[in-house]
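# Summary of the model geometry
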Amino acid sequence: MIVFCGVPSEAPLRLVIEAAERHTAPYLVLNQRASHHLGLRLSVTARGLDGALLVGDADYPLSDIRGIYTRMVDSGVLPENRPPRSRMPDEAAVARSRAFHDAFAQWLELADGRVLNRPGAMGSNLSKPYQCQLIRR
């Protein structure tokens, strides 16, 4: 199974989901805008890291995941986690969203299989001065 994570309405993620559908590849979409309904259960076993992705009432074993394509954004910029004009967002939902984002990002660094856009490798994307230095070299 391939896991796609991010905001599925954004073009890059939407396009890879559509490609998986055309090729009838098994996949799971983790919609970051609903991350307050997502969870990650991890355990260390003799075989290594084990666990499951929790989506609503369903559990998806990590051992079934062969590839991950992530385009997660900072959980603080999600509309669900920002205060609207007249009221504050649900604090518990915001905390669950942030907890999932942090745990998932940490797991991505350790996950077996192919991971496109591991957070550690993407860190320089947020630093334009660093990118300019690389380009200059």
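This write-up is about the structure you can find in this document.

## Remarks on the overall build of the chain
The secondary structure content of the chain amounts to 4 helices and 7 strands. Seen in sequence order, the chain has helices and strands lined up from the N terminus as β-α-β-β-β-β-β-α-β-α-α. Within the chain, the proportion of its 137 residues that are buried is 30%. Considering only residue pairs separated by 6 or more positions, the chain has 55% of its internal contacts joining residues 24 or more positions apart. With an accessible surface of roughly 8800 Å², the chain has 54% of that area assigned to carbon and sulfur atoms.

## Some words on the nonpolar core
Grouped together as the largest cluster of nonpolar side chains are 17 residues, with contacts concentrated most on Leu 30, Leu 53, Ile 65, Ile 68, Phe 104 and Trp 107. Of all the secondary-structure elements, those providing two or more residues to this core are strand 1 (2–6), strand 2 (27–31), strand 3 (38–45) and helix 2 (91–110). For this core, the element with the most residues is helix 2, which contributes 4 residues. By size, the runner-up hydrophobic cluster in this structure holds 5 residues, among which are Phe 4, Ile 17, Ala 20 and Tyr 69.

## Side note on helix 1 (residues 11–22)
For an α-helix, the turn length of 3.6 residues means that residues three or four places apart are oriented alike. Here helix 1 is 12 residues long and its end C-alpha atoms lie 16 Å apart, about the 16 Å a rise of 1.5 Å per residue gives. Within helix 1, burial applies to Leu 13, Ile 17 and Ala 20. Angular distribution of buried residues about the axis of helix 1 spans 60°; they occupy a single face of the element. Those residues of helix 1 that are buried are in contact with strand 1, strand 2 and strand 6 (67–70). Phi turns positive, to about 50°, at Thr 24, one or two residues after helix 1.

## Here we look at the packing of aromatic side chains
For the structure shown, the criterion picks out 4 aromatic pairs. Each ring, one from Phe 100 and one from Phe 104, has its centre 5.3 Å from the other, and the planes form 25°; the classification is stacked. One end of the pair is Phe 100 and the other is Phe 104, both in helix 2 and 4 residues apart, which spans about a single turn. The residues Phe 100 and Phe 104 share a single accessibility class, namely buried.

## Considerations on the pattern of salt bridges
All chains considered together, the criterion is met by 3 salt bridges. Note that Arg 14 is salt-bridged to Glu 18, the shortest N-O span being 3.6 Å. Pair noted here: Arg 14 and Glu 18 are both in helix 1, with a separation of 4 residues, about one helical turn. For Arg 14, a relative accessible area of 34% puts it in the partly exposed group.

Calculation criteria
Residues numbered from 1 in each chain as written. Predicted model: local features only at pLDDT ≥ 70, side-chain atom pairs only at ≥ 80, totals over all residues. Heavy atoms only, no water. Helix = DSSP H or I, 4+ residues; strand = E, 2+ residues; numbered from the N terminus. Buried < 20%, exposed > 50% of the residue type's maximum accessible area, 1.4 Å probe, protein only. Contact = heavy atoms within 4.5 Å. Areas by Shrake-Rupley, 256 points an atom, 1.4 Å probe, with all protein chains shown as cover. Core = buried A, V, L, I, M, F, W, Y, C linked by side-chain atoms within 4.5 Å. Expected span 1.5 Å × (residues − 1). Arc of directions from axis to C-beta. Phe/Tyr/Trp six-rings, centres within 6.5 Å; stacked < 30°, edge-to-face > 60°. Salt bridge = Lys/Arg side-chain N within 4 Å of Asp/Glu carboxyl O.

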